[in-house]
Amino acid sequence: MADVLSVIPASVLRNLSDKLYEKRKNAALEIEGIVRQLASSGDHEKISALINLLAMEFAYSPQANHRKGGLIGLAAATVGLTSEASQHLEQIVPPVLSSFSDQDSRVRYYACEALYNIAKVVRGDFIIFFNQIFNALCKLSADSDVNVQSAAHLLDRLVKDIVTECDQFSIEEFIPLLRERMNVLNPYVRQFLVGWITVLDSVPDIDMLGFLPDFLDGLFNMLSDSSREIRQQADSALSEFLQEIKNSPSVDYGRMTEILVQRAAAPDEFTRLTAITWINEFVKLGGDLLFPYYVDILGAILPCISDKEEKIRVVARETNEALRAIEANPTENFDVGAVLSIARRQLDSEWEATRIEALNWISTLLNRYRAEVFCFLNDIFDTLLKALSDSSDEVVLRVLDIHASMAQDPLHFHQLVVFLMHNFWVDRSLLERRGAFIIRRLCVLLDAERVFRELSTILEGEADLDFACVMVQALNLILLTSSELSELRELLKQSLVNAAGKDLFISFYASWCHSPMAIISLCLLAQLLEPRRYIWLLKALYGLLMVLPQQSAAFKILRRRLKTVPSNSVNGDQLKRASSGIAYSQILHHSGSKITEDGDMDQDNGNLQNGIEFASLQQFKQMQQQHHMLAKSRAQLRDRSTSLSKDGPKSRTPTNSNIRDKEASFKMI
């Protein structure tokens, strides 16, 4: 210490801690000259002692003016050392860096000034302190003092220039620090960070693209900043990186895809749009490289298809189509079950467009990977059945298309009809609202006769008589009125002259017996809808007219319709025969008869198989007896309950056993 004091005059040390800047500056100039003389003589030991004095007695002093003098003195010593300063940087730089966090804003300002002068001298040699300097500048960029901020910006520009020309900069050591800082919300710090990312990316020898996953999420986070300038800077940086990705032969899609998928669901519209745009480019560029991330991408774009922002919807649909165009091999990192799970989950979306696209994906998978999809059938079948209750007709149509595709297999066809009936039983409102729509569509997709035969077979053994009656009435209305069943009606009309028509009539008859009106409608449809041949239709209708109350709406409607029957469709001979006692039952039981165009009967032994032996069809009588007994037992139970309510507390009767039995009967075989 004594040797150093002998080199530096006491007046210089006194002026170095003076409160006046000019005195401190003059003292620093004298220190610069002293250090230059020592450096020319090669006395680095004294130089080291002098620097230590400036650091310990001044830069680390508790007095602010001493600290200010120490900082300017250290900078002056560096200038005096010129090219030899690098060997003393370990002593010079740490005290300056420590001053960046000083409580006195003027000390922080002079620290920026000192480091600026030091950096100008040593240039690339101080790169070993880059992380510490970057960390300090990051904090100073948001300093509360405007002068400190300005000084920090000047220093920042110099450091950037040095880094861009230095070949010793280690991006690997810097990235962890950058990643840590990217979550800061301060707008000044964000500008500082984006500025550094842009500068480093412009350096040809620095591969920022390879480290993009480390700070990509932070850039996306800045897209929702309240400052327009920051949003624009972040967007500009992202656009530049996306362009580099397009031109790069090798890209790490995995980590970035995970980030983009999360950002595609961000509350901010601009963030969502940018994320879905990146995903769109990834799908186009990556192709089969994206198979491991197929599920995550699909989960991100399906909700965006229904986004309130039109630009997002357009890009999402384009991405969705591009993704669907990629045909993957299930053995090559393509998880059919996981994709199905995503699609099934999106069926619960509140948005119709998303639900429709989810169904389109299930349909696509079913067409491409039928065997694999059937392995997961139990996972999606219930959801698809519930989707039949969807408020959207388009959704229901897509669901029915999928069910029809699966029902091409006889076993799955039976399961479909069984579960459909179970859904109608559980949710009667579904039958009322969608029943006709669903059944008519299935008739188009799966053959009307096949669908109705299966429904009739199931209803024939239905234990819930009330449900069976309601269901038969619904089917009967569809049969009589739907255009999709016109061929089926034509076949039923030939029941007396066609073996196929007879077989179809008999297959319906057993289940139609649940409803008297339905069975009457079936019989009229099958045999009596041609008055020129079968005059008994008019007689039957007039008979019904006779029993209806004359003031009822039904009476007036039927009478009005009977008046519309053309007079030339029925001739006098037919009416005479119809009134002369030739019973219609004779026609039905005359199995060998052929009925001519005029309603006459001709014996034809070749058509014996066409007669319908109603005497052998006892189902109607038996079925109606069951309905009568059920109605009677309910009346008795109701009377008993009424009586008990008058005499005392109501008795509690089990209500869940029937439901449990019913659900058990619908279990899949």
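Residues numbered from 1 in each chain as written. Predicted model: local features only at pLDDT ≥ 70, side-chain atom pairs only at ≥ 80, totals over all residues. Heavy atoms only, no water.

Draft legend 1. Quick look at the nonpolar core. Judged by nonpolar contacts, the single largest core of 201 residues is most densely connected at M208, F215, L219, W278, F452, L479 and W512. Ignoring sequence-local partners within four residues, the contact set of F452 consists of I439, C443, L475, I478, L479, L485, L488, F508 and W512. (Core = buried A, V, L, I, M, F, W, Y, C linked by side-chain atoms within 4.5 Å. Buried < 20%, exposed > 50% of the residue type's maximum accessible area, 1.4 Å probe, protein only. Contact = heavy atoms within 4.5 Å.)

Draft legend 2. Spatial organisation of the side chain of E357. Summarising the element assignment, E357 is placed in helix α19 (residues 352-368). Given the relative accessible area of 7%, E357 is considered buried. Apart from the residues lying within four places of it in its own chain, the contact partners of E357 are L302, I305, R317, N320, E321 and R324. (Helix = DSSP H or I, 4+ residues; strand = E, 2+ residues; numbered from the N terminus.)

Draft legend 3. Focus on the environment of N367. Inspection of the secondary structure puts N367 in helix α19. Remark: the alpha-carbon pair of N367 and M406, spanning 39 residues in sequence, is separated by 9.7 Å.

Draft legend 4. Molecular detail of helix α17 (residues 310-325). Here α17 is 16 residues long and its end C-alpha atoms lie 23 Å apart, about the 22 Å a rise of 1.5 Å per residue gives. Those residues of α17 that fall on the buried side of the exposure criterion are I312, V315, A316, T319, N320, L323 and R324. Axial view of α17: buried residues confined to an arc of 165°, hence all on one face. Away from the buried face of α17 by more than 90 degrees, exposed residues E310, K311 and A325 are located. (Expected span 1.5 Å × (residues − 1). Arc of directions from axis to C-beta.)

Draft legend 5. Just a nonpolar patch on the surface, in detail. Taken together, the side chains of L544, M546 and V547 present a nonpolar region at the surface, about 340 Å² in accessible area. In this structure, L544 sits in helix α30 (residues 536-547). (Patch = residues over 30% accessible without salt bridge, like charges linked within 9 Å, V, L, I, M, F, W, Y side chains within 5 Å. Areas by Shrake-Rupley, 256 points an atom, 1.4 Å probe, with all protein chains shown as cover. Salt bridge = Lys/Arg side-chain N within 4 Å of Asp/Glu carboxyl O.)

Draft legend 6. Main features of the pattern of salt bridges. All told, the structure shown has 28 salt bridges when counted by the stated rule. In this structure, D214 engages R255 in a salt bridge whose closest nitrogen and oxygen atoms are separated by 3.1 Å. With D214 in helix α12 (residues 212-222) and R255 in helix α14 (residues 253-263), this residue pair connects regions lying 41 residues apart in the sequence. Judged by relative accessible area, which is 38%, R255 ranks as partly exposed. Each member of the salt-bridge network shares a partner with another, and the members are R317, E321, R324 and E357.

Draft legend 7. Inspection of the packing of helix α4 (residues 44-59) against helix α6 (residues 89-99) at higher detail. Remark: α4 packs on α6, axes separated minimally by 9 Å, with the N-to-C direction vectors making an angle of 15°. One finds that α4 runs roughly parallel with respect to α6. Crossing of α4 over α6 shows left-handed handedness. Contacts between α4 and α6 involve S48, I51, N52, A55 and A59 from the former and Q91, I92, P95 and S99 from the latter. Split into classes, the residues belonging to the contact of α4 with α6 amount to five nonpolar, four polar and no charged. (Axes fitted to C-alpha atoms, helices over the stretch in contact; angles between N-to-C directions. Parallel < 35°, antiparallel > 145°, perpendicular 65-115°, else oblique. Left-handed = near helix turned anticlockwise from the far one by under 90°. Nonpolar A, V, L, I, M, F, W, Y, C, P; charged D, E, K, R; others polar.)

Draft legend 8. Highlighting the side chain of S61. Among the secondary structure elements, S61 is positioned in the loop between α4 and α5 (64-81). By relative accessible area, S61 is classed as buried at 8%. Once residues within four sequence positions are removed from consideration, S61 is found in contact with M56, H66 and R67.

Draft legend 9. Quick peek at the packing of aromatic side chains. Under the counting rule described, the total for this entry stands at 24 aromatic pairs. Taking the centre distance of 4.9 Å and the plane angle of 90° together, the rings of F130 and F169 count as edge-to-face. A residue pair is termed long-range when its members are at least 10 positions apart, and F130 in helix α8 (residues 130-140) and F169 in the loop between α9 (146-165) and α10 (171-181) qualify at 39 residues. Neither F130 nor F169 differs from the other in exposure class; each is buried. Ring-pair connections join several aromatic residues into one group, and the members of that group are F130, F134, F169, F174, F192 and W196. For R106, the ring lying beneath its charged end belongs to Y109, and the centroid distance is 4.7 Å. If you follow R434 out to its NZ or CZ, it ends over the ring of F437, 5.7 Å from the centre. (Phe/Tyr/Trp six-rings, centres within 6.5 Å; stacked < 30°, edge-to-face > 60°. Lys NZ or Arg CZ within 6 Å of the ring centre and 35° of its normal.)

Draft legend 10. Spotlight on the UniProt feature "repeat: HEAT" (unreviewed entry) in the chain. In the numbering used here, UniProt assigns the "repeat: HEAT" (unreviewed entry) feature to residues 92-127. The span residues 92-127 is 72% helical and 0% strand by assignment, and the distance between its end C-alpha atoms comes to 14 Å. (UniProt positions renumbered as here; feature names shortened; annotations may be inferred.)

Draft legend 11. Spotlight on the environment of E484. Within the secondary structure, E484 sits in the loop between α26 (465-481) and α27 (486-493). Using a relative accessible area of 30% as the deciding quantity, one classes E484 as partly exposed. Between the alpha carbons of E484 and I439 there is a distance of 10.0 Å; along the sequence they are 45 residues apart. Apart from the residues lying within four places of it in its own chain, the contact partners of E484 are R440, V444 and A448. Within polar-contact distance, the side chain of E484 engages the side chain of R440 at 3.0 Å. (Polar contact = N/O pair within 3.5 Å; in protein donor to acceptor, adjacent residues only side chain to side chain.)

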